[in-house]
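Spelled out, the chains give:
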Amino acid sequence: MGCASSIHISDRVVYHSGKESEDSHSPQQTNTTQHQGNPASGLPLKPPSCKTTLTEVQFGPMKLFKDPLQVLLVFAKEDSQSNGFCWACEKANFRCSMARTPESALECFLEKHHDLVIIDHRHSRHFDAEALCRSIRAVNSSENTVIVAVVKRPDREEASVMPLINAGFNRRYVENGNMMACYNELLQLEHGEVRAQFKLRAGNAIFTAIEQSQEAIEITSEDQVIQYVNPAYESIMGYQQGELIGKEIIEVPKSEKNKPDLLETINSCIRKGKEWQGIYYAKKKNGDSIQQNVKITPVIGQGGKIRHYVSINRPLNDNNKSDKSSERVQAESQTDIQSSKHKDRRKGSLDVRSTTSRGSDGSSQRRHSSMARIHSMTIEAPITKVINIINAAQESSPMPVAEALDRVLEILRTTELYSPQLGTKDEDPHTNDLVGGLMTDGLRRLSGNEYIFSTKQPHHIPSHLTTPLSLNDIPPRIAQTMENENSWDFDIFNLEAATIKRPLTYLGLKIFSRFGVCEFLNCPEATLRSWLQVIEANYHSSNSYHNSSHAADVLHATAYFLCKERVKQSLDPIDEVAALIAATVHDVDHPGRTNSFLCNAGSELAILYNDTAVLESHHAALAFQITTRDDKCNIFKNIERNEYRTLRQAIIDMVLATEMTKHFEHVNKFVNSINKPLAALEENGGNNDEESVKGILTSPENRILVKRMLIKCADISNPCRPQELCIEWAGRISEEYFAQTDEEKRQGLPVVMPVFDRNTCSIPKSQISFIDYFITDMFDAWDAFADLPNLMQHLDNNFKYWKGLDERKLHSLRPPPE
């Protein structure tokens, strides 16, 4: 072909990139050089002279820039027609791929998502062109692709194009191998259908912006028929989209609060093609009137006529403002409105509460009635100071800014400042159930049939502990399994088997010895051994997940993190000892049920701890009860009182940090207080200011954040373990959740996590949700701090593993045997 310098041929696909040159080529030239290039690699070659300038397209006020067109030619055999289009692509500077089979065409399209696909429809014996077109149309990304059928020149009667249209073709091209005919066809396609589709793609971005807008937006036709309302409109007005689309504006109930002639004034203005802006009372679905700052803009369309009206409505929160202030807003100049609108744009995600509650009556009245008391406080909390500053700023702000600050105040009044809000249950039941099960306090009460959760009361010190083992006389088989305990890939399950489900005592002996815990606490090794044994005895071996093997795994991860350079720079020896002890006891006496279950069941623990951090409070309290009850295992007996208080506080804080309701708060504080300041230092000074870095790492507040993050990451590090270990842990936690669901159904309790039904649950989906929602961001932040590339690689591999199973619609831990 004439495009020889940029042709590449593999078994199935020929790739071609256009050159800048626009010299004409003859068919003879085209045929002589077809197989140049490197057929082995299967990759396209792009010549140095290939033109890559972007095409500029104007779309209303938007300027769009697009890459050279991507064209896919599907021809089973080379002939003058395929050569003609190949040459035309080169002359037009389009990027061109050639596929010989439907399979390779679909594969190529999935990889490149071409703007234009030309399929040979002339020879049904080679492949079914219509079936291929339907296959491409089945791909979501083909919505804005133009597909052309090359058809035979009719012998007699012209055939109907309807079968082609039904198959998904946009256009047909009657065969003509003349190169200029092919070139002209491509130019017409580029400036016609392809450019139109390109603008439609840009339109999707505009509608995405409208969907995310916090202002209520309504679009009507020239006849005042409602064609679109955005989610903010639904939230503010109380309607569902389906109740409004297709209705005439006059059918929607109007508020009686507007002046009688206001509607006539508005219509008179906008029908002349002028924009109207002012104060308008709208009636919500529930009958309430809501005062809005409204801006209605006519949109000129085909034929220079008004084709649509766009209405942007912003509720006015403060009903205590005098009528004069309403008149002032109505009389504000266009410039003021525009400038304040820019100031009002908020960064960050759309907060559901701010959208739904901003029109609530009396909100400002409550704010002003309480402000006198807040201002008179002599001791101010930081959040009070923030609220005072915002209120002061509101007094002198334009109305749109004051409304935005009202929404800020609503958000600040919530208690869950760090917890992202999920969408509806239908979006992702696995994520919703995981979050519901792990991040709520379970305050859902039953009437009547309450089940009192009876614990087995194992928390006592066994009267006959087995003979304590010395670190020096650990059985060789067990010692051998712990040889690589300082490696992240250490297999805890081998140790679990070798120790007959007592890994915590043995691993604890070795790790505590490595960190010199006995020396720090000034306690004999025998006391430490007794303590490890009694703590392990109070873990439930009957739990599939929350048993002493999990505690040993978390202890191992904690020790691994403590050896990282950044962590060592941040923490003192007392912090290290606190972290190791906290990891050891963090789930002691765990009943194998979640906090929500215990609260719903009205268990003794939930009553004792007022439904707040029930299990975590119990783990911490019981650990100290067990430890201090008997001198034989009291590892704190010989340390000075103040040191004990500091150590105790650090251990309690770390154990409580494993409660998932505060997950996002801990991660956000860590990122904002440590990662961002460290990153800023690295950017500003090439030779890092060591004193500044040290100040960030060792401040008392930040050391607490590091310890919390460390134990949190250690506690849920399963997805970052080698794949076989990750799969085993996934099976164990799923089994524990299945058992909880079974018991909830037996006892008539609310089912906290319905997706964890052993008959229907997809374990891959649950793991994907857990990684997406809890793991990825947290470990990204921890990796940025501690430098853990091996963990991130395992996480990536494991995510791909679960994704692969899910794509195959498998619900199990492993694929079926081949």
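Residues numbered from 1 in each chain as written. Predicted model: local features only at pLDDT ≥ 70, side-chain atom pairs only at ≥ 80, totals over all residues. Heavy atoms only, no water.

- With an unreviewed UniProt entry as reference, the protein chain is termed Phosphodiesterase, source organism Seriola dumerili.
- The annotation that UniProt attaches to the protein chain under Pathway (unreviewed entry) is "Purine metabolism; 3',5'-cyclic AMP degradation; AMP from 3',5'-cyclic AMP: step 1/1." (UniProt positions renumbered as here; feature names shortened; annotations may be inferred.)

Some remarks on the overall build of the protein chain
Part 1 of the argument: Helices and strands together make up the secondary structure of the protein chain, namely 34 helices and 14 strands.
Part 2 of the argument: Residue burial in the protein chain is summarised as follows: out of 818 residues, 51% are buried.
Part 3 of the argument: Restricting to contacts in the protein chain with at least 6 residues of sequence separation, those with at least 24 account for 71%.
Part 4 of the argument: When the accessible area of the protein chain is evaluated, it comes to approximately 39400 Å², of which 51% is carbon and sulfur surface. (Helix = DSSP H or I, 4+ residues; strand = E, 2+ residues; numbered from the N terminus. Buried < 20%, exposed > 50% of the residue type's maximum accessible area, 1.4 Å probe, protein only. Contact = heavy atoms within 4.5 Å. Areas by Shrake-Rupley, 256 points an atom, 1.4 Å probe, with all protein chains shown as cover.)

A look at the packing of helix α3 (residues 102-112) against helix α4 (residues 129-137)
Part 1 of the argument: Between α3 and α4, the shortest axis-to-axis distance is 10 Å and the interhelical angle comes to 25 degrees. Here α3 lies roughly parallel to α4, going by the angle between them. Both α3 and α4 take part in a crossing whose hand is right-handed. Residues Pro102, Ala105, Leu106 and Phe109 of α3 lie in contact with α4, whose contacting residues are Leu132, Ser135 and Ile136.
Part 2 of the argument: Grouping the amino acids of the contact of α3 with α4 by side-chain chemistry returns 6 nonpolar, 1 polar and no charged. (Axes fitted to C-alpha atoms, helices over the stretch in contact; angles between N-to-C directions. Parallel < 35°, antiparallel > 145°, perpendicular 65-115°, else oblique. Left-handed = near helix turned anticlockwise from the far one by under 90°. Nonpolar A, V, L, I, M, F, W, Y, C, P; charged D, E, K, R; others polar.)

Considering the UniProt feature "active site" (unreviewed entry) in the protein chain
Part 1 of the argument: In the numbering used here, UniProt assigns the "active site" (unreviewed entry) feature to His546.
Part 2 of the argument: Setting aside its immediate chain neighbours within four residues, His546 contacts Tyr539, His540, Asp587, His590, Ile733 and Glu736.

Some words on the environment of Asp575
Part 1 of the argument: Relative to the helices and strands, Asp575 is located in helix α24 (residues 573-585).
Part 2 of the argument: Along the sequence, Asp575 and Arg703 sit 128 residues apart, while their C-alpha atoms lie 8.3 Å from each other.
Part 3 of the argument: If near-sequence neighbours (up to four positions away) are discounted, Asp575 is found in contact with Arg703 and Lys707.
Part 4 of the argument: Looking at Asp575, its side chain comes within polar contact range of the side chain of Lys707, at 2.9 Å. (Polar contact = N/O pair within 3.5 Å; in protein donor to acceptor, adjacent residues only side chain to side chain.)

What to know about the pattern of salt bridges
Oppositely charged side chains may form a pair once their charged atoms are brought near each other.
Part 1 of the argument: Inspection of every chain in the model, using the stated rule, returns 30 salt bridges.
Part 2 of the argument: For Arg814, the salt bridge is made with Glu724, and the minimal N-O distance between the two is 2.8 Å. Placement of Arg814 in the segment after α34 (789-807) and of Glu724 in helix α32 (residues 723-747) is noted, with a sequence separation of 90 residues between them.
Part 3 of the argument: Through salt bridges with shared partners, a single network forms among Asp79, Asp120, Arg122 and Glu175. (Salt bridge = Lys/Arg side-chain N within 4 Å of Asp/Glu carboxyl O.)

Quick notes on the UniProt feature "binding site: AMP" (unreviewed entry) in the protein chain
Part 1 of the argument: The sites that UniProt annotates as "binding site: AMP" (unreviewed entry) are His546, Asn547, Ser548, Ser549, His550, Asp587, Asp715 and Gln767.
Part 2 of the argument: The topology assignment puts His546 in the loop between α21 (525-537) and α22 (548-562).
Part 3 of the argument: You can call His546 buried: its relative accessible area is 13%.
Part 4 of the argument: Accessibility expressed as a relative area gives 1% for His550, which makes it buried.
Part 5 of the argument: If near-sequence neighbours (up to four positions away) are discounted, His550 is found in contact with Tyr545, His586, Asp587, Asp715 and Trp729.

Topic: the sheet that holds strand β13 (residues 289-300)
Part 1 of the argument: Here 5 strands make up an open sheet; going across it, the order is β11-β10-β14-β13-β12 and the pairing antiparallel. Edge positions in the open sheet fall to β11 (226-229) and β12 (276-283), since each of these has one partner strand only. Each neighbouring strand pair of the sheet contributes to a mean axis angle of 30 degrees, computed without reference to strand direction.
Part 2 of the argument: Relative to strand β14 (residues 306-315), β13 runs antiparallel, the two sharing 9 bridges. Each bridged residue has a counterpart across the sheet, and for Ile296 the counterpart in β14 is Ser311. (Pairing = 2+ DSSP bridges.)

Description of the nonpolar core
Part 1 of the argument: By size, the foremost hydrophobic cluster in this structure holds 117 residues, and its most contacted members are Leu521, Trp531, Phe561, Phe779, Trp782, Phe785 and Trp802.
Part 2 of the argument: Counting residues per element, this core draws most heavily on helix α33 (residues 763-786), at 13 residues.
Part 3 of the argument: Once you skip the residues sitting within four places of it in the chain, Phe785 turns out to touch Arg566, Val567, Ser570, Phe670, Ile674, Asn675, Leu678, Leu697 and Val706.
Part 4 of the argument: Among the nonpolar cores identified, the runner-up in size contains 25 residues, and Trp87, Phe94, Val146 and Tyr173 belong to it. (Core = buried A, V, L, I, M, F, W, Y, C linked by side-chain atoms within 4.5 Å.)

A short note on α22
Part 1 of the argument: For α22, with 15 residues, the first-to-last C-alpha span of 21 Å sits near the 21 Å given by 1.5 Å per residue.
Part 2 of the argument: The element α22 is largely enclosed, with a buried count of 15 among its 15 residues.
Part 3 of the argument: One side-chain oxygen at the N-terminal end of α22 lies 3.0 Å from the backbone nitrogen of Ser549; it belongs to Asn547. (Expected span 1.5 Å × (residues − 1).)

Quick notes on a nonpolar patch on the surface
Part 1 of the argument: On the surface, a nonpolar cluster with roughly 240 Å² of combined accessible area is contributed by Val161, Met162 and Ile165.
Part 2 of the argument: Tracing the sequence through the fold places Ile165 in helix α5 (residues 162-167).
Part 3 of the argument: On the basis of relative accessibility, which here comes to 45%, the residue Ile165 falls in the partly exposed class. (Patch = residues over 30% accessible without salt bridge, like charges linked within 9 Å, V, L, I, M, F, W, Y side chains within 5 Å.)

Some details on the environment of Pro253
Part 1 of the argument: With respect to the secondary-structure elements, Pro253 resides in the loop between α8 (241-244) and α9 (262-271).
Part 2 of the argument: Not counting chain neighbours up to four residues away, the residues in contact with Pro253 comprise Tyr239 and Lys283.

A closer look at helix α29 (residues 663-684)
In an α-helix, one turn spans 3.6 residues, which is why side chains three or four residues apart end up on the same side.
Part 1 of the argument: The end-to-end C-alpha distance of α29, which contains 22 residues, comes to 31 Å, matching closely the 32 Å that a straight helix rising 1.5 Å per residue would cover.
Part 2 of the argument: At Val671, α29 is deflected by roughly 35 degrees, the largest bend along its length.
Part 3 of the argument: Every buried residue of α29 is accounted for by His663, Phe664, His666, Val667, Phe670, Ile674, Asn675, Leu678 and Leu681. (Bend = angle between axes of the 7 residues up to and from the residue.)

A closer look at the packing of aromatic side chains
Part 1 of the argument: Across all of its chains, the model carries 22 aromatic pairs by this definition.
Part 2 of the argument: Ring geometry for Phe561 versus Trp782: centroids 5.6 Å apart, planes at 80 degrees, classification edge-to-face. A residue pair is termed long-range when its members are at least 10 positions apart, and Phe561 in helix α22 and Trp782 in helix α33 qualify at 221 residues. Across the pair, exposure class does not vary: Phe561 and Trp782 are buried alike.
Part 3 of the argument: Three or more aromatic residues link up through ring pairs in this structure, and these residues are Trp488, Tyr560, Phe561, Phe670, Trp782 and Phe785.
Part 4 of the argument: We note Lys91 situated over the ring of Tyr183; from NZ or CZ to the ring centre the distance is 5.1 Å. (Phe/Tyr/Trp six-rings, centres within 6.5 Å; stacked < 30°, edge-to-face > 60°. Lys NZ or Arg CZ within 6 Å of the ring centre and 35° of its normal.)

Some thoughts on the packing of helix α19 (residues 503-514) against α24
A packed helix pair is summarised by two numbers, namely the angle formed by the two axes and the spacing between the axes.
Part 1 of the argument: Interhelical geometry of α19 versus α24 gives an angle of 175 degrees and a closest axis separation of 12 Å. Classified by the angle between their axes, α19 and α24 sit roughly antiparallel to one another. Contact with α19, carried on its side by Leu504, Ile511 and Phe512, involves Leu580, Ile581 and Thr584 of α24 and no other residues of that element.
Part 2 of the argument: Per-class residue counts for the contact of α19 with α24 are 5 nonpolar, 1 polar and no charged.

Some thoughts on the side chain of Lys712
Part 1 of the argument: Within the fold, Lys712 resides in helix α31 (residues 700-715).
Part 2 of the argument: Within the structure, Lys712 has its side chain in polar contact with the side chain of His663 (distance 3.0 Å).

Topic: unusual backbone geometry
Part 1 of the argument: The backbone phi angle of Lys501 is positive, close to 60 degrees, even though this residue is not glycine.
Part 2 of the argument: Locating Lys501 in the fold gives a position in the loop between α18 (492-498) and α19.

Describing the state of the cysteines
Part 1 of the argument: Taken as a whole and assessed by the stated rule, the structure comprises 0 disulfides.
Part 2 of the argument: Here Cys108 is not cross-linked by a disulfide; its sulfur's nearest cysteine counterpart is in Cys96, at 9.4 Å. (Disulfide = S-S within 2.5 Å.)

Here we look at the confidence of the model for the protein chain
Part 1 of the argument: With 76% of its residues at a pLDDT of 70 or more, the protein chain has an overall mean of 80.
Part 2 of the argument: Low pLDDT, under 50, characterises residues 1-53; the predicted model gives this stretch 122 contacts beyond four residues in sequence or across chains.
Part 3 of the argument: Scored below 50 in pLDDT, residues 442-468 shows 58 contacts in the model against residues more than four places distant or in partner chains. (pLDDT = per-residue confidence, 0-100.)

A word on the pairing of strand β5 (residues 70-74)
Part 1 of the argument: In terms of residue burial, β5 counts as a mostly covered element, since 4 of its 5 residues are buried.
Part 2 of the argument: Here β5 pairs with strand β6 (residues 95-99) via 5 bridges, running parallel. Bridge pairing in β6 links Val71 to Cys96.
Part 3 of the argument: In this region the chain leaves β5, passes through helix α2 (residues 80-91) and returns to the parallel neighbour β6; the handedness of that crossover is right-handed.
Part 4 of the argument: In this structure, β5 lies alongside strand β7 (residues 116-120), joined through 4 bridges in parallel fashion. (Right-handed = clockwise from strand over helix to strand, strands pointing away.)

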